[in-house]
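# Summary of structural features
If you want the building blocks of each chain, they are given just below.
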Amino acid sequence: MTGHKTSLPFGDGPGDGPGDGPGDATTARATISADAIVTSWNEGARRLLGHLPSEVVGQRAAALLAEEVSPADVRAVAALPRWSGTLTLRHRDGRPVRVRLLAHRGEPAADGPGDWLLVSPLPEPEAEEAGEVGETGAVEEEAEDAALLALASQQAPCPVAVYDRMLRLRRINDQMAEVIGLPENEIRGLRLSEIGGVLESEELERHMVEVLRTGERRDVETFRRIGAESRAHAWSARLAPLKAPDGEVRGICLAAHDITEQYLARQRLLLLSESSVRIGTTLDVTRTAQELADVGVQGLADFVSVDLLARLGQNEGVEGVEAFAEPPPGPLTSPVVLRRVARQSVLPGAPEAVIKLGEVGTYPEFSPQATSLAVGRPSIHRVTDPVFRLWTAKSPALADMLRTYGLHSMMSVPIRARGITLGVATFSRHTRPDPFTHDDVLLAEEITTRAAVCLDNARRFTRERDTALALQRSLLPQTLPRPTALDVAFRYQPAGPYAGVGGDWFDVIPLSGARVALVVGDVVGHGIQASATMGRLRTAVRTLADVDLPPDELLTHLDDLVIHLSAEGAVSAPSGDLAPSEDMSPAGDVGATCLYAVYDPVARRCTLARAGHPPPVLVAPDGTVSPVQVPAGPPLGVGGLPFEAVEFEMPKDTVLALYTDGLIGGRGRDLDEGLTALTGALAGLSPSLGAGPSPEAGPSLGAGPSPEAGPSLEAGPSPEAGPSLEAGCDSVLRTLLPEQGAPDDVALLLARTRGLDASRVATWDVPDDPALVAQARRDVTDQLMAWGLEEAVFTTELVVSELVTNAMRHATAPIQLRLIYDHTLICEVSDGSNTAPHLRRARVFDEGGRGLLLVAQLSLRWGSRHSATGKTIWAEQALPSPGS
């Protein structure tokens, strides 16, 4: 191997000359300690002053001075890190020598300040030996300096160009000619914009004009392809003014530095920083995947697709649940079935996509996607790789896409988070000519890793939310009963997708005596725990309602239940068993509000109580809308405070609105403002806006039979007065809720009263005389005949006889008998005693104890309820069909 050989004036290496390197031949060098003792002396110093190292080392440096130096000057120099100047030193032969010195202070030592290093240049040995140190030598030295300067400017490692005041090119060095792709003689005299021919050149020329005008240098950065370059580079151009001795700017020197690597590194950091902001803005899987594709196209690829495992989009067999299945841990085996969830391209509409959004694609084992998923690492492939020939042979659509758009490089990155594989992100290039590099792989892997965590968070959130919604839907009423006394409509709207499932609930509960209970409640908090607590409270309310407790007493029992639930949640043991504690507080993590109302269609009155819940709103038949004034009561779970019930009249066609605070609250609106907005939205439910008044519940019954009465009310929808309640629910939600979804769950229950015609109710006061039981039976028979219910006479007589007889034997006066003809036939006997009856099985030889058993066998259901004056025992019978 041959190469260029240069003769070195100081030898070819250490030991070849008088010194150890170029410094010994051309530089005088010595070191002096902090206390002014010479510690080293090289060959150049001997040539300069003639002293041998043995004569100087260890001696005081002051002995070498040929002039006086004041102590103040010495102290001033000692405080500096570096000093330069001229001193007069004494040669060995006694003559003074004027020496130019540069002194450096060394690093401080452990035992004191560092030594001083003194250096001084020497003439070349050949010139010194020939005596050429006079005027002729200086001229030749200047000529050599000029030659070196010319070589340096022409062969400088960075591109350099010189422009005159007219911005015309005068000179360029070899590097600039190589970058431009043209020799100097072909572009000399042209302006920069004429040489470049692009807008970026004009912008750079404007900066050159500013340099000419201000005389100050400028640094400009640009990213572009110049001349014969095959790809774009990032350049840092320094524009320096060339000034004459009088300060006039005569031209400009442009020195360019290739900063492509630094520029690309900055772009990668910027893209990585932006990805942390743009990816994961929501907990939606599809949107998060789309954000990954958007970021990838911005500065890394021309086309990006995001495919997730197909099983992630399948539900787990639970009705109504769209939760994502748990993906398998570790790498996947081929072939891989993936679902396209996001894509983005530099071309409008992403025409490069072979698989459409939402479709499932199967990737063979040799495909880049399957390969990266199998090994768990990113992979880069060129279209010239053998795997592409195999792939295109199996997929004509892929082959057509490659030919059409010229895709040349593909990078597949597995989407993995927390040890599980979610899918793969594929980055492709076709408009950018450069293939993917190792740095691109690192960037794509970092972005995808961040996106994978966001996708996994969204997947987990979606699964948990869907599970909570399914639980919530299963605990809420699927359908509501159609009581004769009321027309009912409801709406339930879960909170926005990221607020979590709440614990709002509602219910309509048929009670004895054709009465109806309306319930709305709200459990504090969100999530599965809130939904489970809601289900427990709703079940408890229905159980307590079956006992026919007044609203205030029902809330008291419900409050006790919430206190017990709080205590259960606050007390835990390692074994999982409950261990009571003395410091168990009645108020815990469980809290709720509730409103319970009971409407009696016979009396047309409503009794309600609330526990920390927003008040109901009443829409009167004349159109007046106002909240019901009822004491708020403490929230459930506080304990120790009573609940108060209020009773008020509710005429026919009155609308009662029950709701949760999510309807009237929200961002930027307090509850009072929301309540005002709700009253305004409910004003449209006034009966005066409808076609006309509604009929009573069922036909008005007189002495003649009406075979269609009763059963017809149960078969179809109830007639309404005024605007539809269903339309009213929709109108209220549109008015009060934002389009993007409510921040909290919303439950709305609208009930319009219908009342019960007086002709369908018969009441008798029964004296406390067993002889008058027969008269009671005759009165009941006459009334049933008047109602056309001949088929029910026999059964009703037995029920009335048993209930009235029991009241006379086991209770006190007054005794009252009442028949209610609703969708069932209700028989009620009231007395002045608070003793509740109990059903028991009579023994063979017992003379009594079979009355209530007989009533239970002849009725659909029976029960008792207490009042302030006593109790009422009731029994419901099914009505005979019209054709029987």
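That block above? That's the structure.
Now for a description of the structure that goes with this document.

Criteria and thresholds
Residues numbered from 1 in each chain as written. Predicted model: local features only at pLDDT ≥ 70, side-chain atom pairs only at ≥ 80, totals over all residues. Heavy atoms only, no water. Helix = DSSP H or I, 4+ residues; strand = E, 2+ residues; numbered from the N terminus. Pairing = 2+ DSSP bridges. Axes fitted to C-alpha atoms, helices over the stretch in contact; angles between N-to-C directions. Contact = heavy atoms within 4.5 Å. Salt bridge = Lys/Arg side-chain N within 4 Å of Asp/Glu carboxyl O. Buried < 20%, exposed > 50% of the residue type's maximum accessible area, 1.4 Å probe, protein only. Arc of directions from axis to C-beta.

### Observations concerning unusual backbone geometry
For residues other than glycine, phi is negative in most cases, and the peptide bonds are mostly trans. A cis geometry characterises the amide bond from Ala813 onward to Pro814, with omega recorded as 0 degrees. Mapped onto the fold, Pro814 is located in the loop between helix H24 (793-810) and strand E28 (815-821). Non-glycine residue Leu167 carries a positive phi angle of around 60 degrees. Inspection of the secondary structure puts Leu167 in the loop between strand E6 (160-164) and strand E7 (169-172). With phi around 65 degrees, Ala514 is a residue other than glycine that occupies positive phi space.

### Some words on the pairing of strand E4 (residues 96-105)
The side chains of a regular strand alternate, residue by residue, between the two faces of the sheet. For strand E3 (residues 82-90) and E4, the ladder comprises nine bridges, and the chain directions are antiparallel. Pairing of Leu87 across the sheet is with Val99, part of E4. In sequence, E3 turns back onto E4 through a hairpin of five residues, with Gly94 there showing a positive phi of about 100 degrees. Strand direction decides the pairing type here: E4 and strand E5 (residues 116-121), joined by four bridges, are antiparallel. Each bridged residue has a counterpart across the sheet, and for Arg105 the counterpart in E5 is Trp116.

### Digging into the sheet that holds strand E20 (residues 592-600)
With antiparallel pairing, the five strands of this open sheet are ordered in space as E18-E19-E20-E21-E24. If you trace the sheet from one side to the other, it starts and ends with strand E18 (503-510) and strand E24 (645-649), each paired once. With strand direction ignored, the average angle separating the axes of adjacent strands in the sheet is 15 degrees. Alignment of strand E19 (residues 516-523) against E20, held across eight bridges, turns out to be antiparallel. Across the sheet, the residue bridging to Val523 is Ala592, located in E20. With respect to the sheet, helix H17 (residues 528-546) is in contact with E18, E19 and E20, its orientation differing from that of E18 by roughly 20 degrees.

### Some thoughts on the pattern of salt bridges
Summed over the entire model, instances satisfying the criterion amount to 38 salt bridges. With its nearest N and O atoms 2.9 Å apart, the salt bridge here joins Arg238 to Asp219. Separated by 19 residues along the polypeptide, Arg238 in strand E9 (residues 233-243) and Asp219 in strand E8 (residues 218-224) bring together distant segments of the chain. Residue classification places Arg238 among the partly exposed residues on the basis of a relative accessible area of 35%.

### Some points on helix H15 (residues 396-405)
An α-helix turns once per 3.6 residues; consequently, residues spaced three or four apart project the same way. Of all the residues in H15, the buried ones are Leu398, Ala399, Met401 and Leu402. Axial view of H15: buried residues confined to an arc of 160 degrees, hence all on one face. Across H15 from its buried face, at more than 90 degrees, point the exposed residues Pro396 and Arg403. Residues of H15 that are buried make contact with helix H14 (386-394). Immediately downstream of H15, the backbone of Gly406 shows phi near 70 degrees, a positive value.

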